[in-house]
Amino acid sequence: HILLRDATRRDDNIGVRWVQDNLKKYSVKPNKAFCTSLLRFYLSNSHASSTTGLEGKTGEGGLRRAEEFLQLMSEMNLTADIVTYTAIIDAHAKRGNFAAALKYFQELKSKGLKPDVVCYNCLIEAAARSRDFKAMDSFLTESIEQFGIVKGSESGYIFAMLTHAKTGNSHEVE
């Protein structure tokens, strides 16, 4: 916990290798909770920058570090949970990077995790921001088929309708 505290107090020099080196230095075998906490810390920095429009120090760097740490978790035979994958998908969605969001969506499914409504909403947003309307509609339909329109799912539905409306696809809104 001290290592995690020190890692989260540092600035943009918190590299995955720094954490890995210190884990070895102190003979600490990280558990899933440690790894997930650090990964979410990286993502929180990523979101802070993406919403302010600032790049660099914590924006892309935070997302890149989160992805590196997710890979490191896999190498240590630790599986991230659905919330962690959804956070990474959401970070890519906010940047309009549908290909990366889809990659992590497929990865979580390949690891036996079941996407929830929130995960689908993030994927729908990623497809919409990249203007892949076919994928957006496909994932919206898949989400509705699995969950119906339940509390929490309406944001993906509304996002899809607004995207179609903004791009002149009014026939799709109906």
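Quick summary incoming for the structure in this document. Here the residue index of a chain counts from 1 through its sequence in written order. Local features in this predicted model are restricted to residues of pLDDT 70 or higher, and side-chain atom pairs are both shown and tallied only at a pLDDT of 80 or more, whereas totals for entire chains, interfaces and linings draw on every residue. Only hydrogens and water are removed before side-chain values are computed, so all heavy atoms of the structure are retained for them.

## A word on the overall build of the protein chain
For step 1, the next point in the chain: Labels follow the DSSP assignment, with helices taken as runs of H or I lasting at least four residues and strands as runs of E lasting at least two, numbered in each case from the N terminus. The helix and strand tally for the protein chain stands at 10 helices and zero strands.
For step 2, the next point in the chain: Listed by position from the N terminus, the elements making up the protein chain come as α-α-α-α-α-α-α-α-α-α.
For step 3, the next point in the chain: With a 1.4 Å probe rolled over the protein chains alone, any residue whose accessible area is under 20% of its type maximum counts as buried; one over 50% counts as exposed, and the rest are partly exposed. The buried share of the protein chain, taken over its 174 residues, is 43%.
For step 4, the next point in the chain: Two residues qualify as a contact provided that any one of their heavy atoms is within 4.5 Å of a heavy atom in the partner residue. Excluding contacts between residues fewer than 6 apart, the proportion of contacts in the protein chain whose partners are at least 24 apart in sequence is 65%.

## Some thoughts on the side chain of Thr86
For step 1, the next point in the chain: The residue Thr86 is located in helix 5 (residues 82-94) in this model.
For step 2, the next point in the chain: The term polar contact refers here to a pair of N or O atoms within 3.5 Å; inside protein, the definition further demands a hydrogen-donor-capable atom paired with an acceptor-capable atom, and it admits residues adjacent in sequence only when both atoms are side-chain atoms. There is a polar contact of 2.8 Å between the side chain of Thr86 and the backbone oxygen of Ile82.
For step 3, the next point in the chain: When residues no more than four places from it in sequence are discounted, the contact partners of Thr86 are Asp116, Val118, Cys119 and Cys122.

## Here we look at the environment of Asn97
For step 1, the next point in the chain: Along the chain, Asn97 turns up in the loop between helix 5 and helix 6 (98-110).
For step 2, the next point in the chain: Assessed through its relative accessible area of 31%, Asn97 is described here as partly exposed.
For step 3, the next point in the chain: Along the backbone, Asn97 and Ala127 are 30 residues apart, and their C-alpha atoms lie at a distance of 8.0 Å.
For step 4, the next point in the chain: Among the polar contacts made by the side chain of Asn97, one reaches the main-chain amide nitrogen of Ala100 at a distance of 3.2 Å.

## As for the packing of aromatic side chains
For step 1, the next point in the chain: Each pair of aromatic rings taken from Phe, Tyr and Trp, with Trp reduced to its six-membered ring, is defined by centres within 6.5 Å and is described as stacked if the planes are under 30 degrees apart, edge-to-face if over 60, and tilted in the remaining cases. Under the definition given, this model contains five aromatic pairs.
For step 2, the next point in the chain: An angle of 65 degrees between the planes, with centres 6.4 Å apart, marks the rings of Phe98 and Phe139 as edge-to-face. Of this pair, Phe98 sits in helix 6 while Phe139 sits in helix 8 (residues 133-147); the two residues are 41 residues apart in sequence, bridging distant segments of the chain. Per residue, the accessibility class of Phe98 equals that of Phe139, and both read buried.

## Overview of unusual backbone geometry
For step 1, the next point in the chain: A positive phi angle, near 60 degrees, is found at Asn77, a position not held by glycine.
For step 2, the next point in the chain: With respect to the helices and strands, Asn77 occurs in the loop between helix 4 (59-75) and helix 5.
For step 3, the next point in the chain: One non-glycine residue, Arg131, lies in positive phi territory at about 65 degrees.
For step 4, the next point in the chain: Mapped onto the fold, Arg131 is located in the loop between helix 7 (117-129) and helix 8.
For step 5, the next point in the chain: Here Arg131 falls in the exposed class, since its relative accessible area comes to 54%.

## As for the packing of helix 6 against helix 8
For step 1, the next point in the chain: Direction vectors running N to C along helix 6 and helix 8 enclose 30 degrees, while the axes themselves pass 13 Å from each other. Between helix 6 and helix 8, the crossing angle belongs to the class labelled roughly parallel. In this structure, helix 6 meets helix 8 at a crossing whose hand is left-handed. Here Phe98, Leu102, Phe105 and Lys109 of helix 6 come into contact with helix 8, specifically with Ala135, Phe139 and Glu142.
For step 2, the next point in the chain: The class makeup of the residues in the contact of helix 6 with helix 8 is five nonpolar, no polar and two charged. Structural elements are reduced to axes, namely lines fitted to C-alpha atoms, with helices fitted over the stretch in contact, and the angle between N-to-C directions of any two is expressed from 0 to 180 degrees. By definition in this entry, angles of less than 35 degrees are roughly parallel, angles greater than 145 are roughly antiparallel, angles of 65 to 115 are roughly perpendicular, and the rest are oblique. Two helices crossing with the near one rotated counterclockwise from the far one by less than a right angle form a left-handed crossing, whereas a clockwise rotation gives a right-handed crossing. Residue polarity follows a fixed list, in which Ala, Val, Leu, Ile, Met, Phe, Trp, Tyr, Cys and Pro are nonpolar, Asp, Glu, Lys and Arg are charged, and the others, Gly among them, are polar.

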